[in-house]
Amino acid sequence: MTSLVEYIFKLKRALFSGAWHDRRESDETLSNPLAMSDVISRDVLQARITALLSRQFQDAKNKQQNTSHWGNIGWQVETAAQQCKSIISMQDDEELLGYFERVLPNMANLAARYRVDKMDEEGYGLGTVREVENYLIQQAKIYENTLAVSEE
């Protein structure tokens, strides 16, 4: 697991050096996962992911309701959130290690596509993807720490 997380960090640095990062600090549970319990289970992760996606879809809806200010950005955020949802949805009986090994590279690839997407000129789609991706990397670290403690 350590090598997977290190690989993702190296990949992110190579692909996104200097890229804009949209990080909202309003939800302590989502913005500071390292302050949460050291124990992570499949059910806990699924609940956290649901909360994160819910917040993204709510942000999109709020922007869609104020198109005079946001233009089509709400739909860009919604599309990005929907693409994230399709990648990060857990499969039945999927183990967490396998989940992170499947999801993290796919999220990095999605972020790379958004980085060059001319339709996302202002970067809100990329910001949505990166927020979800960074959250999952943090959760992978928590899981990795849980494994390391249980092996001691």
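Residues numbered from 1 in each chain as written. Predicted model: local features only at pLDDT ≥ 70, side-chain atom pairs only at ≥ 80, totals over all residues. Heavy atoms only, no water.

Trainee: Requested: an account of unusual backbone geometry, with residues and values cited.
Mentor: Its identity is not glycine, yet Asp93 carries a phi of approximately 60°, on the positive side. With respect to the secondary-structure elements, Asp93 resides in the loop between α5 (73–88) and α6 (96–116). Using a relative accessible area of 73% as the deciding quantity, one classes Asp93 as exposed. (Helix = DSSP H or I, 4+ residues; strand = E, 2+ residues; numbered from the N terminus. Buried < 20%, exposed > 50% of the residue type's maximum accessible area, 1.4 Å probe, protein only.)

Trainee: Before we move on, could you go through the nonpolar core and cite the residues and values that matter?
Mentor: Leu45, Ile88, Tyr99, Phe100, Met107, Val129 and Leu136 are the most contacted members of the largest nonpolar core, which has 28 residues in total. Where this core is concerned, the elements lending two or more residues are α3 (42–64), α5, α6 and α7 (124–151). Other than its neighbours up to four places away in sequence, Tyr99 contacts Leu45, Ile49, Ile88, Ser89, Met90, Glu94 and Leu136. (Core = buried A, V, L, I, M, F, W, Y, C linked by side-chain atoms within 4.5 Å. Contact = heavy atoms within 4.5 Å.)

Trainee: Can you explain the confidence of the model for the protein chain? Please cite residues and give values.
Mentor: Of the residues in the protein chain, 74% have a pLDDT of 70 or more, and the chain-wide mean is 82. When mean pLDDT is taken per element in the protein chain, α5 scores highest with 97 and helix α2 (residues 28–31) scores lowest with 46. Low pLDDT (under 50) marks residues 15–38, which in the prediction has 56 contacts with non-local residues, meaning those over four places away or in another chain. (pLDDT = per-residue confidence, 0-100.)

Trainee: Which residues make up the packing of aromatic side chains, and what are the values?
Mentor: Enumeration over the complete set of coordinates arrives at three aromatic pairs. Considering the side-chain rings of Tyr99 and Phe100, the 5.5 Å spacing of their centres and the 65° angle between planes classify their relative orientation as edge-to-face. Comparing Tyr99 with Phe100, the two get one shared label, buried. With a centroid separation of 5.9 Å and 40° between ring planes, the pair formed by Phe100 and Tyr143 is classed as tilted. Here the residue Phe100 occupies a position in helix α6, and Tyr143 occupies one in helix α7, the gap between them amounting to 43 residues. Like Tyr143, Phe100 is buried. One Lys or Arg, Lys63, reaches over the ring of Trp70 and ends 4.3 Å from the middle of that ring. (Phe/Tyr/Trp six-rings, centres within 6.5 Å; stacked < 30°, edge-to-face > 60°. Lys NZ or Arg CZ within 6 Å of the ring centre and 35° of its normal.)

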